[in-house]
Amino acid sequence: MKTNPGRFFEDYSLGQVIPHAVPRTVSGGERALYHALYPARHALYSSDEFARASGLKAAPVDDLIAFHTVFGKTVPDISLNAIANLGYAEGRWRKPVWPGDTLRSESEVIGLKQNSNGKSGVVWVRTRGLNQHGETVMDYVRWVMVRKRDADAPAPETVVPDLRTSVPAADLIVPEGLDFTRYDFTLAGEPHGWGDYEVGEKIDHVDGVTVEEAEHMLATRLWQNTAKVHFDATNREDGKRLIYGGHVISLARALSFNGLANAQMIVALNAGAHANPCFSGDTVRAWSEVLDKAETTAPGVGAVRLRLVAVKHGAPDFALKGEDGKYLPDVLLDLDYWALMPM
(Lines give C-alpha, C1' and ligand atoms only; values in the text may rest on other atoms or scores of the structure.)
Protein backbone atom coordinates (compact mmCIF):
# COMPACT_ATOMS: atom_id res chain seq x y z
CA MET A 1 0.00 0.00 0.00
CA LYS A 2 1.46 3.33 -1.04
CA THR A 3 -0.91 5.62 0.86
CA ASN A 4 -0.31 6.62 4.48
CA PRO A 5 -3.08 5.74 6.95
CA GLY A 6 -1.18 7.47 9.77
CA ARG A 7 0.17 6.00 12.98
CA PHE A 8 -2.09 4.43 15.58
CA PHE A 9 -1.39 4.12 19.29
CA GLU A 10 0.31 0.73 19.04
CA ASP A 11 2.74 2.10 16.41
CA TYR A 12 4.59 4.26 18.96
CA SER A 13 7.43 3.18 21.22
CA LEU A 14 9.19 5.00 24.02
CA GLY A 15 12.31 6.82 22.83
CA GLN A 16 11.27 6.63 19.18
CA VAL A 17 12.53 9.64 17.18
CA ILE A 18 10.37 10.63 14.22
CA PRO A 19 11.71 13.05 11.58
CA HIS A 20 8.76 14.78 9.91
CA ALA A 21 8.42 15.29 6.17
CA VAL A 22 8.23 18.37 3.96
CA PRO A 23 10.42 21.27 5.15
CA ARG A 24 8.71 24.63 4.74
CA THR A 25 10.30 27.92 3.64
CA VAL A 26 8.52 30.79 5.36
CA SER A 27 8.01 33.96 3.31
CA GLY A 28 6.67 37.45 3.85
CA GLY A 29 3.46 36.22 2.24
CA GLU A 30 3.00 33.96 5.24
CA ARG A 31 2.87 37.02 7.50
CA ALA A 32 0.41 38.83 5.23
CA LEU A 33 -1.93 35.85 5.17
CA TYR A 34 -1.62 35.35 8.93
CA HIS A 35 -2.53 39.00 9.54
CA ALA A 36 -5.47 38.60 7.16
CA LEU A 37 -6.75 35.54 9.01
CA TYR A 38 -6.40 37.04 12.49
CA PRO A 39 -6.63 40.60 13.84
CA ALA A 40 -2.89 40.41 14.56
CA ARG A 41 -1.22 43.80 14.98
CA HIS A 42 1.62 43.64 17.49
CA ALA A 43 4.08 46.27 16.26
CA LEU A 44 7.25 44.17 16.44
CA TYR A 45 5.83 41.77 13.85
CA SER A 46 4.13 44.40 11.72
CA SER A 47 6.98 46.85 11.08
CA ASP A 48 10.61 46.33 10.11
CA GLU A 49 11.40 49.86 11.28
CA PHE A 50 9.82 49.25 14.71
CA ALA A 51 11.79 46.00 15.01
CA ARG A 52 15.05 47.72 14.04
CA ALA A 53 14.43 50.42 16.66
CA SER A 54 14.09 47.51 19.10
CA GLY A 55 17.51 46.10 18.21
CA LEU A 56 16.49 43.42 15.69
CA LYS A 57 17.57 43.28 12.04
CA ALA A 58 13.93 43.35 10.85
CA ALA A 59 10.50 42.13 11.90
CA PRO A 60 10.56 38.38 12.56
CA VAL A 61 7.58 36.30 11.53
CA ASP A 62 4.99 36.05 14.30
CA ASP A 63 5.84 33.57 17.05
CA LEU A 64 2.70 31.61 16.34
CA ILE A 65 3.51 31.33 12.64
CA ALA A 66 6.66 29.50 13.71
CA PHE A 67 4.68 27.38 16.18
CA HIS A 68 1.94 26.45 13.70
CA THR A 69 4.47 25.64 10.98
CA VAL A 70 6.50 23.37 13.25
CA PHE A 71 3.32 21.82 14.66
CA GLY A 72 1.81 21.23 11.22
CA LYS A 73 4.81 19.15 10.12
CA THR A 74 4.13 16.71 12.98
CA VAL A 75 0.46 16.02 12.29
CA PRO A 76 0.79 13.22 9.70
CA ASP A 77 3.03 11.27 12.10
CA ILE A 78 1.62 12.20 15.51
CA SER A 79 -2.02 13.22 15.34
CA LEU A 80 -3.48 12.14 12.00
CA ASN A 81 -5.61 9.63 13.91
CA ALA A 82 -6.00 11.76 17.01
CA ILE A 83 -9.21 11.96 18.96
CA ALA A 84 -7.99 15.12 20.70
CA ASN A 85 -4.88 17.22 21.22
CA LEU A 86 -4.78 17.36 25.01
CA GLY A 87 -2.12 19.78 26.14
CA TYR A 88 1.25 21.51 25.91
CA ALA A 89 4.19 22.07 28.25
CA GLU A 90 7.83 23.18 28.40
CA GLY A 91 7.68 25.18 25.18
CA ARG A 92 10.44 27.69 24.40
CA TRP A 93 11.06 29.93 21.42
CA ARG A 94 14.84 29.83 21.09
CA LYS A 95 15.56 31.89 17.96
CA PRO A 96 13.51 34.31 15.86
CA VAL A 97 12.29 33.02 12.51
CA TRP A 98 12.87 35.36 9.57
CA PRO A 99 11.26 35.43 6.12
CA GLY A 100 13.34 33.09 3.98
CA ASP A 101 14.07 30.61 6.78
CA THR A 102 13.26 26.95 6.11
CA LEU A 103 11.72 25.02 8.99
CA ARG A 104 11.52 21.31 9.61
CA SER A 105 10.42 19.27 12.62
CA GLU A 106 11.30 16.13 14.53
CA SER A 107 9.63 14.52 17.55
CA GLU A 108 10.69 12.08 20.25
CA VAL A 109 8.15 9.86 22.02
CA ILE A 110 8.61 10.49 25.75
CA GLY A 111 5.46 8.93 27.22
CA LEU A 112 2.73 6.35 26.52
CA LYS A 113 -0.43 5.39 28.42
CA GLN A 114 -3.27 3.23 27.13
CA ASN A 115 -6.76 4.37 28.13
CA SER A 116 -8.93 2.13 30.26
CA ASN A 117 -11.33 1.50 27.37
CA GLY A 118 -8.56 -0.24 25.44
CA LYS A 119 -9.55 1.57 22.24
CA SER A 120 -7.13 4.50 22.44
CA GLY A 121 -4.15 5.84 24.31
CA VAL A 122 -2.20 8.99 25.09
CA VAL A 123 1.13 9.70 23.40
CA TRP A 124 3.54 12.36 24.73
CA VAL A 125 6.10 13.80 22.31
CA ARG A 126 8.81 16.43 22.52
CA THR A 127 8.96 18.27 19.21
CA ARG A 128 11.81 20.43 17.91
CA GLY A 129 11.59 22.90 15.06
CA LEU A 130 14.88 23.44 13.24
CA ASN A 131 15.94 26.01 10.68
CA GLN A 132 18.08 25.50 7.57
CA HIS A 133 21.25 25.75 9.71
CA GLY A 134 20.15 22.91 11.98
CA GLU A 135 19.51 25.37 14.83
CA THR A 136 16.55 24.73 17.12
CA VAL A 137 14.17 27.67 16.79
CA MET A 138 11.63 26.24 19.24
CA ASP A 139 10.72 23.08 21.13
CA TYR A 140 7.73 21.96 23.16
CA VAL A 141 5.97 18.92 24.61
CA ARG A 142 2.45 17.98 23.65
CA TRP A 143 0.26 14.99 24.36
CA VAL A 144 -2.40 13.53 22.11
CA MET A 145 -5.14 10.93 22.48
CA VAL A 146 -4.76 8.54 19.53
CA ARG A 147 -6.99 5.70 18.32
CA LYS A 148 -5.77 2.11 18.34
CA ARG A 149 -5.85 0.18 15.09
CA ASP A 150 -6.54 -3.05 16.97
CA ALA A 151 -8.26 -2.91 20.34
CA ASP A 152 -6.72 -6.30 21.19
CA ALA A 153 -3.16 -5.12 20.64
CA PRO A 154 -1.18 -5.36 23.89
CA ALA A 155 -0.80 -2.21 25.94
CA PRO A 156 2.71 -0.77 26.26
CA GLU A 157 4.28 -0.16 29.64
CA THR A 158 2.79 3.05 31.04
CA VAL A 159 5.29 5.91 31.17
CA VAL A 160 3.99 9.38 32.02
CA PRO A 161 6.71 12.05 31.74
CA ASP A 162 7.39 14.35 34.67
CA LEU A 163 6.87 17.79 33.15
CA ARG A 164 7.51 21.18 34.73
CA THR A 165 4.42 23.24 35.48
CA SER A 166 6.09 26.30 33.99
CA VAL A 167 9.31 27.43 32.33
CA PRO A 168 11.39 29.26 34.98
CA ALA A 169 11.96 32.93 34.20
CA ALA A 170 15.71 32.33 34.35
CA ASP A 171 15.38 29.90 31.41
CA LEU A 172 13.66 32.36 29.08
CA ILE A 173 15.67 33.15 25.94
CA VAL A 174 15.59 36.80 24.87
CA PRO A 175 16.43 37.29 21.17
CA GLU A 176 19.95 38.57 20.64
CA GLY A 177 20.06 42.36 20.40
CA LEU A 178 16.55 43.02 21.69
CA ASP A 179 16.51 46.44 23.36
CA PHE A 180 13.36 48.25 24.46
CA THR A 181 15.05 51.37 25.87
CA ARG A 182 13.87 53.39 22.84
CA TYR A 183 10.46 51.72 22.68
CA ASP A 184 7.76 53.88 21.07
CA PHE A 185 4.56 53.29 23.03
CA THR A 186 2.56 55.55 20.72
CA LEU A 187 3.41 53.52 17.64
CA ALA A 188 2.86 50.28 19.56
CA GLY A 189 -0.72 51.32 20.32
CA GLU A 190 -0.94 51.44 24.12
CA PRO A 191 0.93 53.26 26.93
CA HIS A 192 1.05 50.33 29.41
CA GLY A 193 4.48 48.91 30.19
CA TRP A 194 5.77 46.11 32.41
CA GLY A 195 5.43 48.20 35.56
CA ASP A 196 1.76 48.92 34.92
CA TYR A 197 0.64 45.31 35.31
CA GLU A 198 0.06 43.61 38.66
CA VAL A 199 0.13 39.90 39.41
CA GLY A 200 -3.47 38.74 39.76
CA GLU A 201 -4.82 41.43 37.43
CA LYS A 202 -7.42 40.25 34.92
CA ILE A 203 -8.08 41.91 31.57
CA ASP A 204 -11.19 41.57 29.42
CA HIS A 205 -10.02 41.96 25.83
CA VAL A 206 -13.52 43.14 24.83
CA ASP A 207 -13.61 42.17 21.17
CA GLY A 208 -14.88 38.98 19.55
CA VAL A 209 -14.48 37.10 16.28
CA THR A 210 -17.05 34.68 14.87
CA VAL A 211 -15.31 31.66 13.39
CA GLU A 212 -16.05 31.05 9.72
CA GLU A 213 -15.76 27.66 8.03
CA ALA A 214 -13.73 29.04 5.12
CA GLU A 215 -11.23 30.86 7.34
CA HIS A 216 -10.41 27.97 9.62
CA MET A 217 -10.09 25.61 6.65
CA LEU A 218 -7.71 28.05 4.95
CA ALA A 219 -5.64 28.39 8.13
CA THR A 220 -5.42 24.65 8.66
CA ARG A 221 -4.27 24.14 5.07
CA LEU A 222 -1.76 26.97 5.46
CA TRP A 223 -0.03 25.10 8.29
CA GLN A 224 -0.28 21.85 6.29
CA ASN A 225 -2.18 20.29 9.18
CA THR A 226 -3.74 17.11 7.80
CA ALA A 227 -5.67 15.89 10.88
CA LYS A 228 -8.88 14.29 9.62
CA VAL A 229 -11.14 15.88 12.24
CA HIS A 230 -10.45 19.33 10.76
CA PHE A 231 -11.36 18.45 7.17
CA ASP A 232 -13.62 15.42 6.98
CA ALA A 233 -17.09 16.04 8.40
CA THR A 234 -17.78 12.29 8.41
CA ASN A 235 -14.91 11.74 10.87
CA ARG A 236 -17.05 12.83 13.83
CA GLU A 237 -20.39 11.44 14.93
CA ASP A 238 -21.89 14.94 15.06
CA GLY A 239 -20.95 15.57 11.41
CA LYS A 240 -18.98 18.72 12.26
CA ARG A 241 -15.45 19.71 11.37
CA LEU A 242 -13.47 20.50 14.50
CA ILE A 243 -11.71 23.87 14.47
CA TYR A 244 -7.94 23.40 14.69
CA GLY A 245 -6.82 24.40 18.17
CA GLY A 246 -4.03 26.56 16.75
CA HIS A 247 -6.66 28.67 15.01
CA VAL A 248 -8.26 29.39 18.40
CA ILE A 249 -4.84 30.15 19.93
CA SER A 250 -4.05 32.70 17.22
CA LEU A 251 -7.49 34.31 17.44
CA ALA A 252 -7.20 34.68 21.22
CA ARG A 253 -3.63 36.00 21.04
CA ALA A 254 -4.65 38.57 18.41
CA LEU A 255 -7.67 39.64 20.46
CA SER A 256 -5.39 40.14 23.48
CA PHE A 257 -3.81 43.13 21.71
CA ASN A 258 -6.60 45.21 23.25
CA GLY A 259 -5.12 45.48 26.74
CA LEU A 260 -1.79 43.77 26.05
CA ALA A 261 -0.52 45.55 22.94
CA ASN A 262 2.98 45.72 24.43
CA ALA A 263 3.24 42.00 25.24
CA GLN A 264 5.31 41.77 22.08
CA MET A 265 7.10 38.44 21.88
CA ILE A 266 6.01 35.03 23.12
CA VAL A 267 9.11 33.27 24.48
CA ALA A 268 7.70 30.30 26.41
CA LEU A 269 4.64 28.07 26.52
CA ASN A 270 4.14 26.85 30.07
CA ALA A 271 0.93 24.92 29.68
CA GLY A 272 -2.10 24.73 27.49
CA ALA A 273 -5.40 22.93 27.21
CA HIS A 274 -8.07 22.90 24.52
CA ALA A 275 -10.85 22.71 27.07
CA ASN A 276 -13.86 22.28 24.77
CA PRO A 277 -14.34 21.91 21.02
CA CYS A 278 -14.80 24.93 18.78
CA PHE A 279 -16.98 24.85 15.67
CA SER A 280 -17.81 27.19 12.82
CA GLY A 281 -20.32 29.79 13.99
CA ASP A 282 -18.87 30.07 17.50
CA THR A 283 -17.85 33.59 18.52
CA VAL A 284 -14.48 33.63 20.26
CA ARG A 285 -13.69 36.19 22.97
CA ALA A 286 -10.71 36.32 25.30
CA TRP A 287 -9.46 37.42 28.69
CA SER A 288 -6.05 37.31 30.37
CA GLU A 289 -4.71 37.02 33.90
CA VAL A 290 -1.25 38.20 34.96
CA LEU A 291 0.35 35.22 36.71
CA ASP A 292 3.91 36.42 37.27
CA LYS A 293 6.50 39.04 36.28
CA ALA A 294 10.27 38.92 35.97
CA GLU A 295 13.12 41.13 34.87
CA THR A 296 15.51 40.06 32.12
CA THR A 297 19.11 40.98 31.41
CA ALA A 298 18.16 42.65 28.10
CA PRO A 299 17.98 46.48 28.24
CA GLY A 300 14.48 47.74 28.92
CA VAL A 301 12.96 44.26 28.53
CA GLY A 302 10.72 42.65 31.13
CA ALA A 303 8.89 39.30 31.07
CA VAL A 304 5.27 38.80 32.03
CA ARG A 305 3.61 35.44 32.54
CA LEU A 306 0.04 35.43 31.27
CA ARG A 307 -2.93 33.10 31.30
CA LEU A 308 -4.89 33.56 28.08
CA VAL A 309 -8.42 32.17 28.12
CA ALA A 310 -10.65 31.93 25.05
CA VAL A 311 -14.39 31.54 25.54
CA LYS A 312 -17.28 31.30 23.13
CA HIS A 313 -20.37 33.44 22.74
CA GLY A 314 -21.02 35.61 25.82
CA ALA A 315 -18.81 38.29 27.33
CA PRO A 316 -16.04 36.84 29.53
CA ASP A 317 -16.84 36.73 33.25
CA PHE A 318 -13.36 35.42 34.23
CA ALA A 319 -14.86 32.05 35.23
CA LEU A 320 -12.72 29.07 34.25
CA LYS A 321 -13.78 25.91 36.06
CA GLY A 322 -16.83 24.67 37.93
CA GLU A 323 -17.02 23.26 41.44
CA ASP A 324 -16.18 19.83 40.04
CA GLY A 325 -12.82 21.16 38.83
CA LYS A 326 -13.73 20.72 35.17
CA TYR A 327 -13.60 23.50 32.62
CA LEU A 328 -16.87 25.31 32.09
CA PRO A 329 -18.54 24.42 28.77
CA ASP A 330 -17.96 27.86 27.21
CA VAL A 331 -14.18 27.75 27.81
CA LEU A 332 -12.31 26.84 24.64
CA LEU A 333 -8.68 27.47 25.54
CA ASP A 334 -6.56 27.86 28.66
CA LEU A 335 -3.03 28.91 27.67
CA ASP A 336 -0.18 29.84 30.03
CA TYR A 337 2.76 31.67 28.40
CA TRP A 338 5.61 34.12 28.95
CA ALA A 339 5.85 37.27 26.82
CA LEU A 340 8.43 40.04 26.59
CA MET A 341 7.29 43.61 27.33
CA PRO A 342 9.00 47.00 27.61
CA MET A 343 9.81 48.07 31.18
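The model shown is predicted, which means the values in this text are computed figures rather than measured ones. (Residues numbered from 1 in each chain as written. Predicted model: local features only at pLDDT ≥ 70, side-chain atom pairs only at ≥ 80, totals over all residues. Heavy atoms only, no water.)

Undergrad: Where do I start with helix 6 (residues 213-222) in this structure?
TA: An α-helix turns once per 3.6 residues; consequently, residues spaced three or four apart project the same way. Within helix 6, the full set of buried residues consists of His-216, Met-217, Ala-219, Thr-220 and Leu-222. Contacts from the buried residues of helix 6 go to strand 2 (24-25), helix 1 (28-37), helix 7 (228-231) and helix 8 (245-255). Of the residues flanking the end of helix 6, it is Gln-224, one or two places downstream, whose phi is positive at about 55 degrees. (Buried < 20%, exposed > 50% of the residue type's maximum accessible area, 1.4 Å probe, protein only. Helix = DSSP H or I, 4+ residues; strand = E, 2+ residues; numbered from the N terminus. Contact = heavy atoms within 4.5 Å.)

Undergrad: Quick question: what am I supposed to make of the layout of surface pockets here?
TA: The gaps of empty space that remain are located by a probe, the size of a water molecule, rolled over the atoms. What the largest pocket holds in volume is close to 470 Å³. Together, 28 residues line the largest pocket, and Ile-83, Ala-84, Asn-85, Leu-242 and His-274 are the ones closest to its centre. Elements with a minimum of two residues in the lining of the largest pocket: strand 3 (82-93), helix 7 and helix 8. The biggest single contributor to the lining of the largest pocket is strand 3, with six residues. For the lining of the largest pocket, the residue count by class is 17 nonpolar, eight polar and three charged. (1 Å grid on protein atoms, 1.4 Å probe; cavity = no way out; pocket = protein on both sides within 12 Å on 5 of 7 lines; lining within 4 Å. Points joined across faces, edges and corners; volume = space filled by probe spheres on them. Nonpolar A, V, L, I, M, F, W, Y, C, P; charged D, E, K, R; others polar.)

Undergrad: Sorry, what's going on with the packing of aromatic side chains here?
TA: The geometry of two aromatic rings is summed up by the distance between their centres and the angle between their planes. All chains considered together, the criterion is met by eleven aromatic pairs. When the centroid spacing of 5.3 Å and the interplanar angle of 85 degrees are considered together, the rings of Phe-50 and Tyr-183 count as edge-to-face. Here Phe-50, found in helix 3 (residues 48-53), pairs with Tyr-183, found in the loop between strand 6 (136-147) and helix 5 (185-188); they are 133 residues apart in sequence, far enough to count as distant. With a centroid separation of 5.9 Å and an interplanar angle of 50 degrees, the aromatic rings of Phe-67 and Phe-71 are classed as tilted. Taken together, the residues Phe-67 and Phe-71, both in helix 4 (residues 63-78) and four residues apart, mark about one turn of the helix. Taking relative accessible area as the criterion, Phe-71 reaches 3% and is therefore assigned buried. These aromatic residues form a ring-pair network of at least three members: Phe-67, Phe-71, Tyr-88, Trp-93, Tyr-140 and Tyr-244. If you follow Lys-240 out to its NZ or CZ, it ends over the ring of Phe-279, 4.7 Å from the centre. Seen from the ring of Trp-194, Lys-293 lies directly overhead, with NZ or CZ sitting 4.2 Å from the centre. (Phe/Tyr/Trp six-rings, centres within 6.5 Å; stacked < 30°, edge-to-face > 60°. Lys NZ or Arg CZ within 6 Å of the ring centre and 35° of its normal.)

Undergrad: How should I be thinking about the pattern of salt bridges in this particular structure?
TA: A side chain of one charge can pair with a side chain of the opposite charge when the charged atoms of the two come close. Per the stated rule, a full pass over the model turns up 14 salt bridges. The residue Arg-7 makes a salt bridge to Asp-77 at a minimum N-O spacing of 2.9 Å. In this pair, Arg-7 sits in the segment before strand 1 (17-19) while Asp-77 sits in helix 4, placing the two residues 70 residues apart along the sequence. Residue Asp-77 is classed as buried on the basis of its relative accessible area of 14%. The salt bridge involving Arg-94 is made with Asp-139; its shortest N-O contact spans 3.1 Å. Separated by 45 residues along the polypeptide, Arg-94 in the loop between strand 3 and strand 4 (102-114) and Asp-139 in strand 6 bring together distant segments of the chain. In this structure Arg-94 comes out as partly exposed when scored by relative accessible area, which is 28%. (Salt bridge = Lys/Arg side-chain N within 4 Å of Asp/Glu carboxyl O.)

Undergrad: What is the right way to read the nonpolar core from this model?
TA: Counting residues in each nonpolar core, the largest one holds 58 residues, and the members touching the most others are Tyr-38, Phe-67, Trp-93, Trp-223, Val-284 and Leu-306. When residues of this core are assigned to their parent elements, the largest contribution, seven residues, is made by helix 4. Not counting the four nearest positions on each side in its chain, Trp-223 is found in contact with Arg-24, Glu-30, Tyr-34, Tyr-38, Ile-65, His-68, Thr-69, Gly-72 and Tyr-244. (Core = buried A, V, L, I, M, F, W, Y, C linked by side-chain atoms within 4.5 Å.)

Undergrad: Would you mind going over the pairing of strand 9 (residues 283-295) with me for this structure?
TA: Along a regular strand, successive side chains alternate from one face of the sheet to the other. Looking at chain direction, strand 7 (residues 202-210) and strand 9 are connected through six bridges and run antiparallel. Considered in strand 9, the bridge of Gly-208 is made with Arg-285. Bridging between strand 9 and strand 10 (residues 301-312) involves eleven bridges; their strand directions are antiparallel. Its bridge partner lying in strand 10, Val-284 is registered against Lys-312. (Pairing = 2+ DSSP bridges.)

Interpretation in functional terms is not warranted from these geometric data alone.
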